[in-house]
Structures are given as C-alpha cells and as structure tokens.
Amino acid sequence: MIRGLSSTIAQDDTLQNQLVAQFERQYPSERMKAFLGQDAPKGTTARAVDENNPSEDRQPPLFRVTSNVTEQMAIALQRWEGMVTTIKEDTFVARLKDLSTDIAEEEVEMTMRDVSDDDKDLVQIGAIFYWSIGYETTATRQVKRTSIIKFRRLPAWSAHELNTIKKRAAEAAMAIGWGAQDEVAKAG
Amino acid sequence: MAGEHRTKSPKLDEIEISLFGPGYGECIAVHLGNGQWMVVDSCIDPKSREPAVIQYFSQIGVDPATSVRLIIASHWHDDHIRGLGQLFKKCTSAEFVCSEALGSQDFLEVVYAQGERIMAENISGLDEFHEIIDELKRRAQAVGGRLEPPIFAVADRCLWQSVVSSVDVPCTVHALSPSDAALLASKLEIARLSPKIKTPKRGIWPSGKNHAAVVLWVSVGDRVALLGSDLEETGDPYSGWQVILKSTRKPQAKASIFKVPHHGSATGDNPGVWKEMLADDPIAVLSPYMLCGLTLPQKSDIDRLCSLTKKAFITTPQKSRVIKRESAVEKTLKDLNLSPKQVNISIGHIRLRATQGEPWKVELLQEAQSLCKQSA
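Residues numbered from 1 in each chain as written. Chains lettered and ligands numbered in written order. Predicted model: local features only at pLDDT ≥ 70, side-chain atom pairs only at ≥ 80, totals over all residues.

Observations concerning the overall build of chain A
Just so we agree on the cut-off: In DSSP terms, a helix is any run of H or I states spanning at least four residues, a strand is any run of E spanning at least two, and both are numbered starting from the N terminus. Placing C-beta atoms from the backbone, we regard two residues as in contact once those atoms come within 7 Å.
Scanning chain A from N- to C-terminus turns up four helices and nine strands. Starting at the N terminus, the α and β elements of chain A follow one another as α-β-β-β-β-α-β-β-β-β-β-α-α. In chain A, 52% of the contacts between residues at least 6 apart in sequence involve partners at least 24 apart.

Right under this line is the structure:
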C-alpha cells in the first residue's frame, strides 16, 4: 500500500514543484515566503516503515498525508498584522503593520462582511488579526486572487500571569514613587 | 543664509515655541529662557523615524541631556507620545510629567500587561511608558533609590518655576487640567482596561476620550502661551474647558500664543477661551489629524479659526497617501473596496520666536503653512 502511495506522491510533488517554480518565476521576491503566517506549503511529509517487510529497505519510504486542504496552495503577496482600534455600526477601523515590507504604519476601515462568520465575535477593540492577500491554487488547480483575514484566538489571562504583572507594577511603583498618592488614598 | 538662521538656537532671553506635526501626532518644544527647554509630547519624523524634537535639537546645537528640564506627556494617545521613551532617555536631567489620570498602579499594570508583546509591534503607545518607567527605575537605582517621583499634572498645579536671578527671564509652567471629575473618569477607564482573569488577551487601546489631557499655561518673561493639548468641551460642567474657564485659581494673564486643542475640532472649541484667556488676534498653531476616517481640522473648523484670528498656522497639509503595491494586491484591494492609508507622510514645523518687547517671528518650516490661506 505504501508503495502504491509513493507514485501518487511523486506525481503530486511534480505538480506542486511546477506550481512553485511558476510562482517563483512570476514573483521572484522575498514575498514568496508565506501565507497566513506559515511557510509556503510544500506538502506534509512523514516517514513510515513497512512493517511487513522491514528489511527491504533500511531507509523507510516517504509518503505524504494528503487532504483537500493540503492539496491547495497559497502564496501571500502582501501580509499585515492588524489591531482593531475603533468599532462603528457596520465597519471597524484597524491599525496595520506591514509584515511584507518596511512600509510605515497604515490604517484601514473594513466592513464586518470582510470577516468570516467564525471570527465575527472576535472583532473587538484590541483584537489582533492577520490579513493576507495573494494567490491560491484550488484543489481543481484553479488559480485565484484571495484576501484572507484571520483573527487571533489568544489564550486567556491566567491567575499566575496576572499576579506576576501586579507584582511587577507594585515593585515599579515602589521604586519610582508612581501611584504613591493612589495607594495612600486606598489605604485611607 | 536662511539655512544658517534655521540652525541657530534661540538667544538666552528669547522664548521659542516650536510645534512639530506629521499627519498624525504632535510635539511642542518650548525654550523657557536661559537655555532651558520643555518638551510636551512627542512625534516621529516619518522619513528618519526618529523623534522630531531630537533631530531639531541636534540641528540647533541643543544638548537634550543638559538643557531639557521637563518632559510632559499631555495624555495617553499614541499620536502624542510616539518616541517619548527615547526622548526621555536622552534628556537625562529632565523631570517627567504626566496627567494625574495615569498616576495609579492600575496604569502600571496595564503597561506591564501590554509588555507581554502580543503583537509584532506595539502601537498603543504603552511601550513608550514602559521605556519611561524603566528609565525612572534606572535613575532611582543610580542615586540609591532617592529619586523624586514623577510630577503628576492636575488642574491649577504649578509644574515648574525657574530660579530667577536678576539677569534671568522668569518662567512658570502651570497645568490647567485635568479636573477632579475628569481624573475620576479616567482612572475608572484605566481600571476597566487592566486585564482580568480568564478574559482573552488582546491589545490594549485607550478610549478616544481626551478629558484627562493636560492643558498648559506657560509664562516666559512678558509672554504667555496656552497649550491646549487635545482637551475637548464635553458639555459636562465638571470637565473640559468649562472647568478651566470657571477656575479662579488659574493664572490670569492672557496668552498671545494658542496651541489649538484637538487639532482644531469643533469639540475642542469653547468661545469663552478666545474671549477670556487669549489676547486679541493671537497666533494660533495646530497639527492635523487624519485617521479613523476623521480628518481634522474640517473646512468648518478652518473657517471658524480664521474668523477668530488671521494668524493661524498648521504643521502639514491634510493629505493621505495610498501606498503603491504589486498590481495583483492593488486589484484585490480595489475589488474589496479596501484602501489602507499610510498613517504619516511628511512632517512640518512651526517655529515662533520673540525676545522681550519684540513682536513674534513666525517661521513655517518643512510642510508647515498658513491655515487661513488654505481655507480661501
């Protein structure tokens, strides 16, 4: 079975390599790096040993776990990290840091329709997201321009983290006299 | 020759008020006389990415380490504090002043929570306060922990007074705000921003309110300047400009220079200020604001200001720039009707200088221009 898979893999790799080469010719720049914060997908690979014939080859064959998702390929031409700073009725404003180039800070106003349904609840002031514009090659080998906004799902503050922050703040306040009046008022 | 003049520092008895402003941000440098300076807020030169005032001091041969007495953060909005940490570190003999609204341990917790770095680049301005607090700690350690605490500005508090000899120019700096009510409101807001257990981490962004901004009254010799920060009129009798107008404890002399509050917006305007606190036909200076879909001053604001004085100046014209990108990116942005705009493009500098008894000399440097001409 593993042998059978290998030929499919070889064929897929060839196709993918062709696509990568095509994009590299078209966009021979540093921007050929990533999409959605990940390296340009080269296929997920894993090593496995044919347990029925372990001595056949000491070097286990290569195979790739494939799925529709990994068959797709995406290349980012432009990436930003953004933070929501203002929320209006149907739109929100975000400050953007260009992750592709050294361009100074930007700002954009987006509509809620630009955000996927799964992420809509995450649109709050201070929410952080990645925005990528690039090309995607679909499972049917169609190439299309895409814009993907993905809000980060950050972990919650833990009691330990908050205690550490409070301790640091208290030490700083003591060292430089910051908030001294505040503390006197609280004690009073 | 003109270039040479621009790089000369003011004379010892000459007052200078310099307003720097890119499209987003502002900074004011004031020569308090006798080679002593005060800096209010900070902004970055978009080309060099350095604090604008540091570059300026370097050009006119002022040593920030020995000449700057006060660094004032008028309020916590990132358009007023970009580069403030770097500036404070260079001004080693300066005292740090900020609104009493920030003088709580809750605010330090907010600063340290944001220090957890959840973004590639912190844009809320809290990094600047982090740098300032670290610098204050370093200075305290250097003197064995006997450092004077920062000065917290509140309405009707004298922040600085020069030690006057017979040859020196007398100078005082007073805070005219924030009011007690504004302080309370701001402290509650900061307490709300501090992180809570089991709530998701996210960037910390201050509200757009400016009620705790520090308005300054600066007197150097026979000259007075009113620096309005971003204080707005709230309609509430306990905060905003109304409280300043009602105060009987504020200095009474009228100002001939007015740093127009909140980028000339209608919300920052109180006609009583022009009548009661400013001399006739004062020089008004302001920086623009072009973000969040808001451009200030608006046409109506320019008309209003120019009806009050013909001597109104703005640091930069109101323009924004869409960055040129790969055609495929531009096509996608156009299809989506999205148009990211660069926050800052260029910077301007309005320089006002006067010696005692002489009229003010106005110099419009870099992008700075007359506001009333723009309105015509």
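So, the pairing of strand E10 (residues 223-227) of chain B
Residues and elements named next belong to chain B. Keep this limit in mind: Exposure is read from a count of other C-beta atoms within 10 Å of each residue's own; the residue is exposed at 12 or fewer, buried at 20 or more and partly exposed in between. C-beta atoms are placed from the backbone. Between any two strands, pairing holds if DSSP finds at least two bridges. Throughout, right-handed denotes a crossover for which the path from the first strand over the helix to the second runs clockwise when the strands point away from the viewer.
Within E10, five of the five residues are buried, which leaves the element mostly enclosed by the surrounding structure. Judged by which residues are buried, E10 turns out to be covered on both faces: Arg 223, Ala 225 and Leu 227 on one side and Val 224 and Leu 226 on the other are all buried. Pairing geometry for strand E9 (residues 216-220) and E10, over five bridges, is antiparallel. If you follow Leu 216 over to E10, its bridge partner there is Leu 227. With antiparallel pairing between neighbouring strands as the criterion, E9 and E10 make up a hairpin whose turn holds two residues, including Gly 221 at a positive phi of roughly 60°. Two strands pair when backbone bridges link them, and E10 and strand E11 (residues 255-259) are joined in this way by three bridges, in the parallel orientation. Note on E11: the bridge partner recorded for Leu 227 is Lys 259. Of the crossover connections in this fold, the one passing from E10 over helix H9 (residues 241-246) to the parallel E11 is right-handed.

Observations regarding unusual backbone geometry
Residues and elements named next belong to chain B. Of note, the bond from Ser 177 into Pro 178 is cis; its omega dihedral lies within 30 degrees of zero at 5°. With respect to the secondary-structure elements, Pro 178 resides in the loop between strand E8 (171-175) and helix H8 (180-193). The linkage connecting Leu 296 with the following residue, Pro 297, adopts the cis geometry, with an omega of -5°. The residue Pro 297 is located in the loop between strand E14 (294-296) and helix H11 (299-308) in this model. Look at Asp 156: it is not a glycine, yet its phi comes out positive at around 65°.

Section: the interface of chain B and chain A
The condition is simple: In this count, Pro and Cys sit with the nonpolar residues alongside Ala, Val, Leu, Ile, Met, Phe, Trp and Tyr, while Asp, Glu, Lys and Arg are called charged and the others, Gly among them, polar.
Each side of the interface is counted separately: chain B has 50 residues, and chain A has 50 residues. Residue assignment for the side of chain B that touches chain A shows that the elements contributing at least two residues are helix H6 (105-114), helix H7 (126-142), helix H12 (327-336) and strand E16 (341-342) of chain B. Here the side of chain B that touches chain A is built from residues that sort into 28 nonpolar, eleven polar and eleven charged. Pairing analysis gives two bridges linking strand E7 (residues 106-111) of chain A to E16(B), with the strands arranged antiparallel. Paired with Glu107(A) across the bridge in E16(B) is Lys341(B).

Some details on the environment of Lys310(B)
All names here are of chain B. With respect to the helices and strands, Lys 310 occurs in the loop between H11 and strand E15 (312-314). The partly exposed category is assigned to Lys 310, around which 14 C-beta atoms lie within 10 Å. Separated by 93 residues in sequence, Lys 310 and Trp 217 place their C-alpha atoms 22 Å apart.

What about the environment of Ser124(B)?
All names here are of chain B. Mapped onto the fold, Ser 124 is located in the loop between H6 and H7. The exposure class assigned to Ser 124 is buried, which follows from the 24 C-beta atoms found within 10 Å. It is 9.4 Å that separates the C-alpha atoms of Ser 124 and Arg 82, two residues lying 42 residues apart in sequence. Sequence-distant contacts of Ser 124, that is, excluding residues within four places in its chain, are made with Asp 78, Gln 114, Gly 203, Ile 204, Trp 205 and Pro 206.

A short note on the sheet that holds strand E6 (residues 91-98) of chain A
Strand pairing in a sheet is mediated by backbone hydrogen bonds. Such pairs are either parallel or antiparallel. To be explicit about the condition: Each axis is a line fitted through C-alpha atoms, taken for helices only over the stretch in contact, and angles between the N-to-C directions span 0 to 180 degrees.
Within the open sheet, the six strands sit side by side as E9(A)-E8(A)-E5(A)-E6(A)-E7(A)-E16(B). Their pairing is antiparallel. Looking at which strands have only one partner, the edges of the open sheet turn out to be strand E9 (143-151) of chain A together with E16 of chain B. Relative to E7(A), E6(A) runs antiparallel, the two sharing six bridges. By the bridge assignment, Val93(A) is partnered in E7(A) with Glu109(A). On top of the sheet, H12(B) reaches strand E5 (73-87), strand E8 (128-137) and E9 of chain A; it is set at about 65° to E9(A), its chief contact.

Considerations on the pairing of E8(B)
Residues and elements named next belong to chain B. Burial analysis of E8 places four of its five residues in the buried class, which makes it a mostly covered element. Sheet topology note: the strand E7 (residues 157-161)/E8 ladder contains four bridges and is antiparallel. Among the inter-strand pairings, Gln 161 is bridged to a residue of E8, identified as Thr 172. Of the strand pairs in this sheet, E8 and E9 are connected by five bridges, and their pairing is antiparallel. Counterpart to Thr 172 in the pairing with E9 is Ser 219.

Details of the packing of H6(B) against H8(B)
All names here are of chain B. For clarity, the threshold we go by: A clockwise turn of the near helix away from the far one marks a right-handed crossing, whereas an anticlockwise turn of less than a right angle marks a left-handed crossing.
Running from amino to carboxyl end, H6 crosses H8 at an angle of 35°, the nearest separation of the two axes being 9 Å. As for the relative orientation of H6 and H8, their crossing is left-handed in sense. In this structure, H6 contributes Asp 106, Phe 107 and Val 110 to the contact, and H8 contributes Ile 190, Ala 191 and Leu 193. When its residues are assigned to classes, the contact of H6 with H8 shows five nonpolar, no polar and one charged.

Some words on the nonpolar core
We count it as follows: As used throughout, a nonpolar core is a set of buried Ala, Val, Leu, Ile, Met, Phe, Trp, Tyr and Cys residues joined through C-beta atoms within 7 Å of each other.
Of all hydrophobic cores here, the largest spans 112 residues; its most connected members are Val39(B), Val53(B) and Ile71(B). Examining the composition of this core, we find that six residues originate from one element, H6(B), more than from any other. Apart from residues lying up to four places away in sequence, Ile71(B) is in contact with Val39(B), Leu87(B), Phe88(B), Cys91(B), Ala94(B), Phe96(B) and Val97(B). Core analysis: the second largest hydrophobic core is formed by 13 residues, Val84(A), Leu96(A), Phe129(A) and Ile123(B) among them.

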